[in-house]
Structure formats: structure tokens, C-alpha cells
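# What the coordinates show
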Amino acid sequence: MPVRVEFGSRARPIFQLGGPTLNVGSKQHSATNRTPQFSRTDTDPDRVAEPPIMASGRGDSQLQQQKVDYIFKIVLIGDSAVGKSQILSRFARNEFSLDSKATIGVEFQTRTVLIHHKTVKAQIWDTAGQERYRAVTSAYYRGTVGAMVVYDITKRQTFDHIPRWLDELRAHADKNIVIIMIGNKIDLEDERAVPTEDAKEFAEKEGLFFLETSALEATNVENAFMTVLMEIFNIVNRKNLVKDEAKSNINAQSLSGKKIVVPGPAQEIPAKSSMCCSS
């Protein structure tokens, strides 16, 4: 039976991710473009972050039939028309529709990936950005272990609303949820209204991962999802390791006890000392 994951506390580093080539089935999607190469902006600025390890193809029927080890629930949130559904469609089916309609309520898609020889099913919920659906979508934050907060780099207002989305997310989801902020539509660079440096500064202040994407050009979409999935997977592995160590310590303590010396034939049992004095 697959494990639906929920986890406890852990501080998250901030990354600005760039461009390794990601193998997806028989295709390769280049994650290079307008974003910088891997760099780290936490306590060790000189340390280079490792790219996510990934890997299954979308059409890999053999992988789909394998036993699922983990299920990770991830939500996509942000204002309407920032491209959340297109980002999900690009990751789940490698598709992009120029005739996309606004999401009504909540929709979800899944994709199964292989991470360090474990089969992980990503269950991704695409939430409506319109205000009238906010009461509907809030119920779906429960049990979420990852979130992608999306804004449109050509619309400053969608970026300015990110704090409100974070407040709502943190009010309904686990406080230690893995969050990545995504600036979408970098294919419209000439219309950019949100400088990359502004977004990086905000992500660092809020303790978020950060990445700019283009669902249209398939730029960094795969990288964004796998960054979240890998971080969740690593947290789960660390928690399992701690549990295993605790169990080992308990077992060791149960086997250890007071040392008892049993006298042999040549040994003399010491006489008990008398409590009174001889006359």
C-alpha cells in the first residue's frame, strides 16, 4: 500500500534554479534559457546546489504499473490567468493549449516518477484563482506536503498578491510544507513587469524556493516540480532514518541489563557483612 506522506518541521533553503538537461522518457527537455545557473542564497553563498535527480517518462507504462511507494499531494495556487493549469498540463502530459479556460473549483492530475529507486505518485491539485472559489479551494489544502505559488511576470498585481496566497496556504496547510514560488510566462520577457531580483529577494525573505518558468516553451516546468518532489522525498527519508535509529536504540536498551556474576565451583560467595559490632 502506498504511503500518503505528511511530515514535520524542517528549515528550507532558498534556491535560484537554472538549467540542467532533464531526461523525460525518450525526450530531453532543456531547462536552460533566461534563468541563472544553480546558485544558493542561504548561509553558504559559495555552495552550489545539486540539481534534482529524477526520472520517469510520462508514457512509461511499465512505471505506471509498478507498486507506488509514496503519494505526495501538491497544490498549485495563485491569481487567475497566471498559467497554473498550463504548468500542470505541461508537467503531467507535456501539453500546452492556447485555448485554455479558467479552472472552476478544483481539478487534479497525477504523474508517477521514479526517485532514488522509489516510485512516487505526484497528486497535483489545480485550484481556481477567482475570489468566488476561495471557500471551495481552502478545503483542499489539508494533507498537502508541497505547494507551487504562481504569478505572471507580466502582471505586477499577481506578484503583489503572493503574500495573501501564502497567508491562506499557511493557515490551512502544515506549517512545514515545501513551497516554491514560480514566475511564469518568461517567454514574454519584453512585457516583464516583475524584475527577477524583486522575486528572489521576496523568496529569500519568506524561505521559499524560487524559479521562473514558461509553460509555453516548457522552460523549467519539469525542474520546478521535481525540485518540490525531491525536497519532500528527502524530508521523508530523513524522518524514516530518525525513526529507524530510535527503534534501534530502544532495541539495544531492551537487550542491555544489570550484570549478574554467577559463582563457579572454585569461587566463594562473599559473606554478608554483619551490621553489629563484636564484643
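Structure's up top.
Residues numbered from 1 in each chain as written. Predicted model: local features only at pLDDT ≥ 70, side-chain atom pairs only at ≥ 80, totals over all residues. Heavy atoms only, no water.

### With respect to the packing of aromatic side chains
- What the rule picks out here adds up to six aromatic pairs.
- Taking the centre distance of 5.0 Å and the plane angle of 65° together, the rings of Y151 and F159 count as edge-to-face. Across the pair, F159 and Y151 agree in class, each one buried.
- One aromatic cluster in this structure is built from Y70, F72 and F233.
- Across from the ring centre of W125, 5.1 Å away, lies the NZ or CZ of K73, which sits over that ring.
- Just above the ring of F91 sits the side chain of R111; from NZ or CZ to the centre is 4.5 Å. (Phe/Tyr/Trp six-rings, centres within 6.5 Å; stacked < 30°, edge-to-face > 60°. Buried < 20%, exposed > 50% of the residue type's maximum accessible area, 1.4 Å probe, protein only. Lys NZ or Arg CZ within 6 Å of the ring centre and 35° of its normal.)

### Comments concerning the nonpolar core
- Core analysis: the largest hydrophobic core is formed by 34 residues, its most contacted members being F72 and L229.
- Elements that contribute at least two residues to this core include exactly β6 (70-78), α2 (84-93), β7 (106-115), β8 (118-127), β9 (146-152), β10 (178-184), β11 (209-212) and α7 (221-255).
- Sort the elements by how many residues they give to this core and α7 lands first, with 11 residues. (Core = buried A, V, L, I, M, F, W, Y, C linked by side-chain atoms within 4.5 Å. Helix = DSSP H or I, 4+ residues; strand = E, 2+ residues; numbered from the N terminus.)

### Section: the pattern of salt bridges
- According to the stated counting rule, one finds 11 salt bridges in the structure shown.
- The salt bridge partner of E206 is R170, with a shortest N-O separation of 2.8 Å. Placement of E206 in helix α6 (residues 196-206) and of R170 in helix α5 (residues 162-172) is noted, with a sequence separation of 36 residues between them.
- With a relative accessible area of 25%, E206 lands in the partly exposed category.
- The salt bridge partner of E189 is R192, with a shortest N-O separation of 2.9 Å.
- What makes E189 partly exposed here is its relative accessible area of 30%.
- Using a relative accessible area of 21% as the deciding quantity, one classes R192 as partly exposed.
- Among the charged side chains, a network of salt bridges with common partners joins R156, D160 and D198. (Salt bridge = Lys/Arg side-chain N within 4 Å of Asp/Glu carboxyl O.)

### Considering the environment of D152
- Following the sequence through the fold, D152 ends up in strand β9.
- The exposure class assigned to D152 is buried, which follows from its relative accessible area of 1%.
- Taking the C-alpha atoms as reference points, D152 and A81, separated by 71 residues in sequence, lie 8.1 Å from one another.
- Setting aside anything within four residues of it in sequence, one finds D152 in contact with A81, V82, T158, N184, K185 and V194. (Contact = heavy atoms within 4.5 Å.)

### Side note on unusual backbone geometry
- A positive phi angle is found at A81, which is not glycine, with a value near 70°.
- Tracing the chain through its elements places A81 in the loop between β6 and α2.
- For H116, which is not glycine, the phi torsion reads 50° and is therefore positive.
- Structurally, the position occupied by H116 is in the loop between β7 and β8.
- H116 gets classed as partly exposed once you look at its relative accessible area, which sits at 39%.

### Here we look at α6
- Burial in α6 covers these residues: T196, A199, F202 and A203. Along α6, the residues classed as buried sweep out an arc of 130° about the axis, all on the same side. Away from its buried face, by an angle of more than 90 degrees, α6 presents the exposed residues E197, E201 and K205.
- As for α6, its buried residues are in contact with β9, α4 (156-160), α5, β10 and β11. (Arc of directions from axis to C-beta.)

### Looking at the pairing of β10
- Counting buried residues along β10, seven of its seven residues qualify, which places the element largely inside the surrounding structure.
- Both faces of β10 are covered, namely the face carrying V178, I180, I182 and N184 and the face carrying I179, M181 and G183.
- When β9 meets β10, the two strands line up parallel, connected through seven bridges. Considered in β10, the bridge of Y151 is made with G183.
- Taken together, β10, α6 and β11 form a β-α-β motif whose crossover is right-handed. (Pairing = 2+ DSSP bridges. Right-handed = clockwise from strand over helix to strand, strands pointing away.)

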